[in-house]
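Summary of the model geometry
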Amino acid sequence: MTVMKIAMGSDHGGIHLKNHLKDYLEGKGYEVLDKGTYTEESCDYPDYAAKVGHAVAGGEAELGILVCGTGLGISIAANKIKGVRAAVCGDVYSAKMSREHNNANILALGERVTGVGLAEMIVDAWLAAEFAGGRHARRVDKIMALEAE
Ligand code: RB5
């Protein structure tokens with residue numbers, strides 16, 4: 001297996017799932033860059049979206065995983081960073097498609113929405129999937145062109 005570097009981050013609402021998935025992925029041989037948060041103290045999810053978003057967009061990590069209470073706020077914030085395509089996924093099919101069709105480079109999860117077992121399956125499917133290219137590349141290129149407007 002090629003060891004991949006994954007940047008991870010969460011706010012206080014996602015810290016337990018983030019920490020669980022960090023251990024889960026390290027156990028599988030992935031290198032995880034944990035960008036915080038590191039305590040349960042209340043904090044602001046855009047700060048961690050920015051840390052992980054910049055790590056992925058800047059090439060420090062190949063992919064990123066973000067967790068907040070719902071996955072919504074942290075993905076909305078991450079998608080403001082040029083080069084980021086963050087997808088909130090609560091099911092395995094969407095996770096697979098977000099890589100194959102949308103070339104998502106950040107997976108967002110909601111700790112208050114998705115149980116640990118399903119989250120592991122979502123992460124596994126997301127990491128195993130590959131961008132399909134072809135007609136999907138044209139569409140992703142159009143998404144990226146919107147960023148340049
Ligand atoms: C924090 O209470 C919560 O708003 C946050 O984790 C997230 O769900 C926002 O989208």
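Here is a short report on the structure shown in this document.

Rules behind the numbers
Residues numbered from 1 in each chain as written. Predicted model: local features only at pLDDT ≥ 70, side-chain atom pairs only at ≥ 80, totals over all residues. Heavy atoms only, no water. Patch = residues over 30% accessible without salt bridge, like charges linked within 9 Å, V, L, I, M, F, W, Y side chains within 5 Å. Areas by Shrake-Rupley, 256 points an atom, 1.4 Å probe, with all protein chains shown as cover. Salt bridge = Lys/Arg side-chain N within 4 Å of Asp/Glu carboxyl O. Lys, Arg positive; Asp, Glu negative; His and termini not counted. Charge placed at Lys NZ, Arg CZ, Asp CG, Glu CD. Helix = DSSP H or I, 4+ residues; strand = E, 2+ residues; numbered from the N terminus. Pairing = 2+ DSSP bridges. Right-handed = clockwise from strand over helix to strand, strands pointing away. Near = heavy atom within 4 Å. Polar contact = N/O pair within 3.5 Å; in protein donor to acceptor, adjacent residues only side chain to side chain.

This next bit is on a positive patch on the surface. On the surface, a cluster of positive charge is made up of Arg-135, Arg-138, Arg-139 and Lys-142. By secondary structure assignment, the location of Arg-139 is in helix H6 (residues 135-147).

This part covers the pairing of strand E2 (residues 31-34). Sheet topology places strand E1 (residues 5-10) next to E2; 4 bridges connect them, and they run parallel. The residue of E2 that forms the bridge with Met-8 is Asp-34. The parallel pair E1 and E2, bridged by helix H1 (residues 15-27), forms a crossover whose chirality is right-handed.

Taken together, Asp-11, His-12, Tyr-45, Cys-68, Gly-69, Thr-70, Gly-73 and Arg-112 are the residues near the ligand. Take Gly-73: an N or O atom from its main chain is 2.9 Å from an oxygen atom of the ligand. For the ligand, whose free accessible area comes to 300 Å², the fraction covered by protein is 72%.

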